[in-house]
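Structural description and commentary
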Amino acid sequence: STSSDRALTAVRQDDNYRIGYRDKLAVQVFRHAELSQTVSVNPNGTINLFRLPEPVVAVCKTMRQLAIDIADAYRKDYLKNPEVNIVPVEQMSQTLAVMGAVEKPGNFFVNRRVHLLELLAMAGGPSKEAGSRVLVARTGSNSDCQQALAPSSDPDSDKVGLYDFRIRDLQEGKHSFMMQPGDIVSVLEADLVFVYGNVNEQGQVVMKQPMTLTQAIASAKGIKPATKKDKVRIIRQKPGTLEREEIIVNLVAIDKRKAEDPYLLPN
């Protein structure tokens, strides 16, 4: 309506942001400084304002929607043509957490949807200890809003669950994963494999990307003369158990392209 339009100032807020339960808001009523105040959203989702007998529901509304509702409430019994503006002071309900091998782990408060890669940049990017994988735990929005958020190009990005990405795939645009409030991002440290025996440099090899057997041997500076290339052992722990299995690999067959160069698992 025309009266509702007059309740808005020229400052336009992001309509994708929905007010949450822990947010703190500055309510500005123009030409009525005595009514302007900073309020926190109550546990029941409302805010209490000067001269209004009833609290106003704030949670799950945009700033523009709340400004209209407050103006309507003041217009009903108190002011003729109120003009209201809402400014977010602390947007505590829209948190994203980044942990693990990043330069600046912590909680990040956002008022718009951000891409996973953009969030990693906010956290300073992967640290030197980072590997190739990043996990996203989606627990669902903590604002309990059925939000009409901007659609994501990834059809799975709105589902609750655990997501596993390769950092390089994100950088190359192979995945476009949009974050939601409450998401927890964990950048995993690089995995290790251990090379020992008849190689020139025994020890652990950092596996920042998927690594094959021959790549691991090359990282150990290659094999020594008189090595039994047809009997290279891979000792691997069976996933989810304490048992180990032994795999015999023929390097000669791999060199002649008669056998696959196996990818190694961590540890």
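Here, every reference points to the structure presented above.
Please read these numbers as outputs of a predicted model, since none were measured by experiment.

**Points about the packing of aromatic side chains**
As enumerated under the stated definition, the model contains 4 aromatic pairs in all. For the pair Tyr74 and Tyr78, a centre-to-centre distance of 6.3 Å together with 45° between the ring planes defines the contact as tilted. When its relative accessible area of 35% is taken as the criterion, Tyr78 is described as partly exposed. Residues Tyr163 and Phe165 carry aromatic rings whose centres are separated by 6.5 Å and whose planes lie at 10° to one another, so their mutual orientation is stacked. Classification of Phe165 by relative accessible area gives buried; the value is 5%. Chaining the aromatic ring pairs together yields one cluster made of Tyr163, Phe165 and Phe177.

**Points about helix α2 (residues 63-77)**
Counted at 1.5 Å a residue, the expected span for α2 with its 15 residues is 21 Å, and the 22 Å between its end C-alpha atoms agrees. Within the sequence span of α2, burial applies to Met63, Leu66, Ala67, Ile70, Ala71 and Tyr74. Summarising the axial view, the buried residues of α2 lie within an arc of 135°, below the 170-degree limit, and thus occupy one face.

**Topic: the sheet that holds strand β6 (residues 95-100)**
Here 5 strands make up an open sheet; going across it, the order is β7-β6-β10-β8-β9 and the pairing mixed. Of all strands in the sheet, those with a lone pairing partner are β7 (106-109) and β9 (161-166), marking the two edges. Between one strand axis and the next, the sheet turns by 20° as a mean value, whatever way the strands run. Pairing of β6 with strand β10 (residues 184-189) involves 4 bridges; the strand directions are parallel. What sits directly across from Met99, in β10, is Ser186.

**A few points about the pattern of salt bridges**
Taken as a whole and assessed by the stated rule, the structure comprises 11 salt bridges. Note that Glu201 and Lys221 form a salt bridge whose closest N and O atoms lie 3.3 Å from each other. With Glu201 in the loop between β11 (191-195) and β12 (203-207) and Lys221 in the loop between α5 (213-219) and β13 (232-237), the pair connects residues that are 20 residues apart, well separated along the chain. The class of Glu201 is partly exposed, set by a relative accessible area of 43%. Between Glu243 and Lys238 there is a salt bridge, with its nearest N and O atoms 3.5 Å apart. Classification of Glu243 by relative accessible area gives partly exposed; the value is 48%. Given the relative accessible area of 32%, Lys238 is considered partly exposed.

**Some words on the layout of surface pockets**
Approximately 810 Å³ is the volume attributed to the largest pocket. Lining of the largest pocket is provided by 28 residues; of these, Phe194, Tyr196, Arg233, Ile234 and Ile235 occupy positions nearest its centre. Mapped onto the lining of the largest pocket, the elements with two or more residues apiece are β11, α5 and β13. The element best represented in the lining of the largest pocket is β13, accounting for 6 residues.

**Remarks on the side chain of Asp23**
Here Asp23 lies in the loop between α1 (2-6) and β1 (24-29). With no salt bridge to any partner, buried Asp23 finds its closest opposite charge in Arg22, at an N-O distance of 7.4 Å.

**A look at the pairing of strand β8 (residues 130-138)**
With 7 of 9 residues buried, β8 lies mostly within the body of the structure. Relative to β10, β8 runs antiparallel, the two being bridged by 5 bridges. Bridge pairing in β10 links Ala130 to Glu189. As defined by bridge partners, β8 adjoins β9 across 6 bridges and the pair is classed as antiparallel. Among the inter-strand pairings, Val134 is bridged to a residue of β9, identified as Phe165.

**Some words on the side chain of Arg18**
Mapping Arg18 onto the fold places it in the loop between α1 and β1. The class for Arg18 is buried, based on a relative accessible area of 16%. Engagement of the side chain of Arg18 in a polar contact is seen with the backbone oxygen of Cys60, the distance being 3.3 Å.

Conventions we followed
- Residues numbered from 1 in each chain as written.
- Predicted model: local features only at pLDDT ≥ 70, side-chain atom pairs only at ≥ 80, totals over all residues.
- Heavy atoms only, no water.
- Phe/Tyr/Trp six-rings, centres within 6.5 Å; stacked < 30°, edge-to-face > 60°.
- Buried < 20%, exposed > 50% of the residue type's maximum accessible area, 1.4 Å probe, protein only.
- Helix = DSSP H or I, 4+ residues; strand = E, 2+ residues; numbered from the N terminus.
- Expected span 1.5 Å × (residues − 1).
- Arc of directions from axis to C-beta.
- Pairing = 2+ DSSP bridges.
- Axes fitted to C-alpha atoms, helices over the stretch in contact; angles between N-to-C directions.
- Salt bridge = Lys/Arg side-chain N within 4 Å of Asp/Glu carboxyl O.
- 1 Å grid on protein atoms, 1.4 Å probe; cavity = no way out; pocket = protein on both sides within 12 Å on 5 of 7 lines; lining within 4 Å.
- Points joined across faces, edges and corners; volume = space filled by probe spheres on them.
- Lys, Arg positive; Asp, Glu negative; His and termini not counted.
- Polar contact = N/O pair within 3.5 Å; in protein donor to acceptor, adjacent residues only side chain to side chain.

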